[in-house]
Protein chains: 4
Amino acid sequence: MASELIAIVAGVGPGTGASVARRFAKTYPVVLLARKRENFESLADEINMSGGKAIGISTDVSSKDSLANALSAIKKEFGDSVCAAAAIFNASGGFLRKPFLEIDPSVFEQSLNVSALGGILFSQTFLPLLLKGKEQGEHPPTLIFTGATASVKSSAQMASFSTGKWALRALSQSLAKEFGPQGVHVAHAIIDGVIDIPRTKEWLKGLGPEAKLSSDGIANDYWYLHTQPTTNFTWELDTRPAVEKW
Amino acid sequence: MASELIAIVAGVGPGTGASVARRFAKTYPVVLLARKRENFESLADEINMSGGKAIGISTDVSSKDSLANALSAIKKEFGDSVCAAAAIFNASGGFLRKPFLEIDPSVFEQSLNVSALGGILFSQTFLPLLLKGKEQGEHPPTLIFTGATASVKSSAQMASFSTGKWALRALSQSLAKEFGPQGVHVAHAIIDGVIDIPRTKEWLKGLGPEAKLSSDGIANDYWYLHTQPTTNFTWELDTRPAVEKW
Amino acid sequence: MASELIAIVAGVGPGTGASVARRFAKTYPVVLLARKRENFESLADEINMSGGKAIGISTDVSSKDSLANALSAIKKEFGDSVCAAAAIFNASGGFLRKPFLEIDPSVFEQSLNVSALGGILFSQTFLPLLLKGKEQGEHPPTLIFTGATASVKSSAQMASFSTGKWALRALSQSLAKEFGPQGVHVAHAIIDGVIDIPRTKEWLKGLGPEAKLSSDGIANDYWYLHTQPTTNFTWELDTRPAVEKW
Amino acid sequence: MASELIAIVAGVGPGTGASVARRFAKTYPVVLLARKRENFESLADEINMSGGKAIGISTDVSSKDSLANALSAIKKEFGDSVCAAAAIFNASGGFLRKPFLEIDPSVFEQSLNVSALGGILFSQTFLPLLLKGKEQGEHPPTLIFTGATASVKSSAQMASFSTGKWALRALSQSLAKEFGPQGVHVAHAIIDGVIDIPRTKEWLKGLGPEAKLSSDGIANDYWYLHTQPTTNFTWELDTRPAVEKW
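What comes next is a walk through the structure. Predicted model, so just to flag it, every value in this text is computed and none were measured. (Residues numbered from 1 in each chain as written. Chains lettered and ligands numbered in written order. Predicted model: local features only at pLDDT ≥ 70, side-chain atom pairs only at ≥ 80, totals over all residues. Heavy atoms only, no water.)

## Brief notes about the overall build of chain A
The test is simple: Secondary structure elements are defined from DSSP: runs of H or I of at least 4 residues count as helices, runs of E of at least 2 residues count as strands, and each element is numbered from the N terminus. With C-alpha atoms as the basis for the radius of gyration, the globule rule is written as 2.2 Å multiplied by the number of residues raised to the power 0.38. When a residue's accessible area, from a 1.4 Å probe over protein chains only, is under 20% of the maximum for its type it is buried; when over 50% it is exposed; and in between it is partly exposed. The contact rule is simple, with two residues in contact once any of their heavy atoms fall within 4.5 Å.
A tally of regular secondary structure across chain A gives six helices and seven strands. Moving toward the C terminus, one meets the helices and strands of chain A in the order β-α-β-α-β-α-β-α-β-α-β-α-β. Against the globule reference of 18 Å for 246 residues, chain A gives a C-alpha radius of gyration of 17 Å, in line with a compact fold. Considering chain A as a whole, with its 246 residues, one finds that 62% of them fall into the buried category. Considering only contacts in chain A between residues 6 or more positions apart, those separated by 24 or more positions represent 69%.

## Looking at the side chain of Ser-215 of chain A
Residues and elements named next belong to chain A. Along the chain, the position of Ser-215 falls in helix α6 (residues 215-227). Note on Ser-215: relative accessible area 10%, which makes it buried. Beyond its immediate sequence surroundings of up to four residues, Ser-215 is in contact with Gly-15, Thr-16, Ser-19 and Ile-195.

## Concerning the packing of aromatic side chains
Threshold: Here a Phe, Tyr or Trp ring, Trp counted by its six-membered ring, pairs with any other such ring whose centre lies within 6.5 Å, and the pair is stacked when the planes are under 30 degrees apart, edge-to-face when over 60, and tilted otherwise. A ring is scored as having a charge over it whenever the NZ atom of a lysine or the CZ atom of an arginine sits within 6 Å of its centre and within 35 degrees of its normal.
This model, assessed by the stated rule, comprises 38 aromatic pairs over all chains. Both rings, one in Phe-89 of chain A and one in Phe-122 of chain A, keep their centres 5.3 Å apart while their planes meet at 50 degrees; by these two values the pair is tilted. Here the residue Phe-89 of chain A occupies a position in strand β4 (residues 83-89), and Phe-122 of chain A occupies one in helix α4 (residues 105-132), the gap between them amounting to 33 residues. Take Phe-89 of chain A: its relative accessible area is 0%, and that puts it in the buried class. Here Phe-122 of chain A falls in the buried class, since its relative accessible area comes to 0%. Considering the side-chain rings of Phe-100 of chain D and Phe-108 of chain D, the 5.5 Å spacing of their centres and the 65 degrees angle between planes classify their relative orientation as edge-to-face. A relative accessible area of 2% means that Phe-100 of chain D is categorised as buried. One aromatic cluster is present, built from ring pairs that chain together Phe-89, Phe-122, Phe-126 and Phe-145 of chain A. The lysine or arginine in question, Arg-240 of chain A, covers the ring of Trp-246 of chain A, its NZ or CZ lying 3.7 Å from the ring centre. Between Lys-177 of chain D and the ring centre of Trp-246 of chain C, over which it is positioned, the NZ or CZ distance is 4.9 Å.

## Let's talk about the relation of the copies chain D and chain C
Rules: When the copies are superposed, the least-squares fit takes in the C-alpha atoms of residues with a pLDDT of at least 70 in both.
Each copy superposes on the other: chain D lies on chain C with an RMSD of 0.0 Å after a rotation of 180 degrees and an axial shift of 0.0 Å. Taken together, the rotation and translation relating the two chain copies correspond to the operation of a two-fold axis. Considering only C-alpha atoms, the residue of chain D closest to the rotation axis is Leu-237 of chain D, which sits at 2.2 Å. An overlap of 100% is found between the interface residues of chain D and their copies at the interface of chain C, pointing to a shared contact surface.

## Observations concerning the interface of chain D and chain C
Put simply, the test is: As a working definition, buried area equals the accessible area (1.4 Å probe) given up by two parts on being put together, with both sides summed. What makes a salt bridge here is a side-chain nitrogen of Lys or Arg within 4 Å of a carboxyl oxygen of Asp or Glu, nothing more. Here a polar contact is taken to be a pair of N or O atoms separated by no more than 3.5 Å, where protein atoms must pair a possible hydrogen donor with a possible acceptor and residues adjacent in sequence count only if both atoms sit in side chains. Ten residue types, Ala, Val, Leu, Ile, Met, Phe, Trp, Tyr, Cys and Pro, are classed as nonpolar, four, Asp, Glu, Lys and Arg, as charged, and the remainder, Gly among them, as polar.
At the interface, 30 residues of chain D touch 30 residues of chain C. In total, about 2600 Å² of surface goes out of reach between chain D and chain C, with carbon and sulfur atoms giving 50% of it. Contact with chain C buries area across many residues of chain D, yet Tyr-224, Ala-242 and Trp-246 of chain D alone supply 25% of it, more than any other trio. Counting across the chain D and chain C interface gives zero salt bridges. At the surface where chain D touches chain C, the tally comes to 22 residue pairs in polar contact (both at pLDDT 80 or more). Those elements giving two or more residues to the side of chain D that touches chain C turn out to be α5 (159-179), α6 (215-227) and β7 (236-239) of chain D. Among the elements that make up the side of chain D that touches chain C, the one with the highest residue count is α6 of chain D (five residues). Residue composition of the side of chain D that touches chain C, grouped by class: twelve nonpolar, eleven polar and seven charged.

## Considerations on the relation of the copies chain A and chain C
In screw terms, the move from chain A to chain C is a rotation of 180 degrees and a rise of 0.0 Å along the axis, fitting with an RMSD of 0.0 Å. When the interface residues of chain A are mapped onto chain C, 100% of them are again interface residues, pointing to one common binding face.

## Section: the packing of helix α3 (residues 64-78) of chain D against helix α4 (residues 105-132) of chain D
In a pair of packed helices, the angle between the axes and the distance between the axes together describe the arrangement. All names here are of chain D. Convention followed: All axes here are fitted lines through C-alpha atoms, helices being fitted over the stretch that makes contact, and every angle between N-to-C directions spans 0 to 180 degrees. Our angle categories are set so that under 35 degrees counts as roughly parallel, over 145 as roughly antiparallel, 65 to 115 as roughly perpendicular, and the remainder as oblique. For any pair of crossing helices, the crossing counts as left-handed if the nearer helix is rotated counterclockwise from the farther one by less than a right angle, and right-handed if it is rotated clockwise.
Across the interface, α3 lies against α4 with an axial gap of 9 Å and an inter-helix angle of 25 degrees. What the angle tells us is that α3 and α4 run roughly parallel. Read as a crossing pair, α3 and α4 show a hand that is right-handed. Residues Lys-64, Leu-67, Leu-71 and Ile-74 of α3 form the contact with α4, whose participating residues are Leu-121, Phe-122, Thr-125, Phe-126 and Leu-129. Considering only residue class, the contact of α3 with α4 consists of seven nonpolar, one polar and one charged.

## Let's talk about the side chain of Thr-142 of chain D
All names here are of chain D. Within the secondary structure, Thr-142 is located in strand β5 (residues 142-148). We classify Thr-142 as buried; its relative accessible area is 0%. Reaching out from Thr-142, the side chain makes a polar contact with the side chain of His-226 at a distance of 2.7 Å.

## With respect to the interface of chain A and chain C
It is common to give the size of an interface as the accessible area lost on bringing the parts into contact. Chain A puts 39 residues into the contact, and the matching count from chain C is 39 residues. Contact with chain C buries area across many residues of chain A, yet Phe-100, Gln-124 and Trp-166 of chain A alone supply 21% of it, more than any other trio. Linking chain A with chain C are zero salt bridges. In this assembly, chain A and chain C are joined by 14 residue pairs in polar contact (both at pLDDT 80 or more). Only α4 and α5 (159-179) of chain A provide two or more residues apiece to the side of chain A that touches chain C.

## Description of the pairing of strand β7 (residues 236-239) of chain C
Residue and element names in this part refer to chain C. Defined as follows: Here, any two strands with at least 2 DSSP bridges between them count as paired. Note on handedness: a clockwise path from strand one over the helix to strand two, with the strands aimed away from the viewer, defines a right-handed crossover.
A two-sided burial pattern is seen for β7, the buried positions comprising Glu-236 and Asp-238 on one face and Leu-237 and Thr-239 on the other. Where strand β6 (residues 185-191) and β7 come together, four bridges link them in parallel fashion. Bridge assignment links His-188 to a residue of β7, and that residue is Glu-236. Running through helix α6 (residues 215-227), the crossover from β6 to the neighbouring parallel element β7 is left-handed.

Structure below.
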């Protein structure tokens, strides 16, 4: 029996994560990881009802044990020989934009635990499935990290976000260099702008309908990265609305 | 009559330029610019014979007058209302890798004239056609610059190449910020590795068949950039073989 | 009574930390923070016996409580109105250079705890003393972070070091932008090369006596940064031996 | 007779150039290069009358012949065995901040000719004197390039400045790597802000007396770079007023 080839998406809120899951679900069964069930349940239902296959697993990416449980659940569902075609780390810790001295250390800690340590634990958990996926699929197995403006620029009062995001970018660059030669494509996307989701509906209205990033557009970028052959791996791309100031 | 929508490619040697021309010729008539006729003649024939349309114009991108002549020839061929869907600047000045004090100033001058000033003159010549192309095509008009490892890293003895390439990257970033809000997608690609062309056949042989960049893969990247919607413009991506050390 | 103006150095091993402590001790009483007493005892003795003043406090920078204890000890020694002329964060978590999948998650965690969270907690603890130091001294109060090659480049198998170092650099940039306008000079130094200490005695021998960084030279750089006026703050400088390949 | 050890400063307007010349004139005879005599005459007089030694030579750094004439004049004044302790390239081409398509190509050309080609020609002319200066002085011979915000960031409508500045930064990085191992210290300074000179007197007034860079402070930075030993070369530092937004 051929091994099942799946895509794993961590961090499936209403924006990038959901769009990426829908996009990869056109080709692969997808595993949706989020701490809260309400973040993946309706998305899983939607995918399952529209001809795809999705399972959601309540997972805390900052916990090694929680990720081990997720892996067990994946193997239970798809068999021990399951392989990964793609793993997308889209999780981010919460953060506060306010004066540095007014932020409780736990905010920084939690942000580092999710964005940085979470990225590390996610990679350690699923890289073995990606390495096994090498000969299985049409495209090289792909590990993608979602970055932000704050991955390359650290503004005043933004340290509780940027510290984790810079660490995650460092992780992705190191992994790209280590696992590229082993056939796994590791990439990092700098999402530079506001994503168009219900919560941001009222933002940037004066700039017209195209002032916000389309999360489906981001999902297309991720899918494109996934389709690149081993002769042409992109580590990093940025993406922003045409009207964005930068 | 609808305006004709073309793609213009400057610098069509055997690698990236030719592949990009072939890729864009699947959708648009292409204009091939190179100083020497032998660099575009057989490519134009090949495209014309395989169902596409191509014309070659002998052009020196470091000369304003030569570019003005190219523009006249384009208008003669495609009409005064011709618009551009894409313009790709793939030209580079020659350079020497040897001790700085042994390089004749003319080498630096020629490199700056082609890579930096050439990029400027090319952009000034064809941005008006791209701006006009906005409402015409399926995709936002796109101006792409070919960069290299030396666009972001300036090694010893490489200044005659890197000075022009850093200048070109500066140009592309400034134009992306100025013309993005006007609907033109400006992008820069960092080609980080050896491209697989006849001249490099014997290079990196020990690293296996995938140690070199596929120029068709690069062309796919450029085409993908061209298809991004105005909500999701990538300014820069890098690309390299999976096995590349970086 | 004028407030006492001190310098605080976290991470005082045999290299940069010790040299920096000696350099700042020429002008200020210095507080030496390290987890292990043996890392600061002989240095404190040396400074005290050569006409300076130093106290060592056993401190774990990754612990908020430990830093609070250090602050109490400082106030006990120098009075509640103590101010800081300089605070230098030179601590680093341990790391392993080996395949990513063979590294225990605790290594990454400890590295992030010291390099990233440690830098955050150190800054939250001592920025209030620096802010108070503004009108007291000859030079603007200065907060300096020690970075490394791995602060800007993340090599294969180096993620357990680079993730923390990139996060620390993000912290320093954000703090520079927030606290510069408040009169505190925040800087980051990229130490790019091997430092000449007993442990590295046999390294790079073939490259001659000047192939390694002098830690006293680094201390001079830090002191120079400290002396810059508010009209001329440097955020970042790199430093390496003349013969270093980079 | 010992060889004369001089400092050469190209681009001596009222700001950085003049301050750097005054600073280095405390230790070395200085050679002032500028196209227009009025840019160096009163400065040379001032230095000569205050106990230093300065000569001005009318020089166009974008012209190889003009630089050759300058070198002849220097040898005539200081002898054929003259050596350089420092060479500072502070020249910049003019530029226009306006829409890209409204700028005459000659503006870009002139900017590239001064900032990029000028830096190359200046380096080719004076590196031999710096190499000869190695065993002569107290400090390693130093070649410093003046950069700007636009050396690392290319804003909309700023391409006529940034293209030259990025090229100059590429030059400085390549030369640092090539000539560092030969004992010449090559550095690049990113001047990020408005310099306090008569022309900018009315600028940023609302931000207080310290909102502008002190050119004497920049000169101190350059002097500090010059004094770094071969074990501790800084390639790049940035500098800005504490209140600057960045």
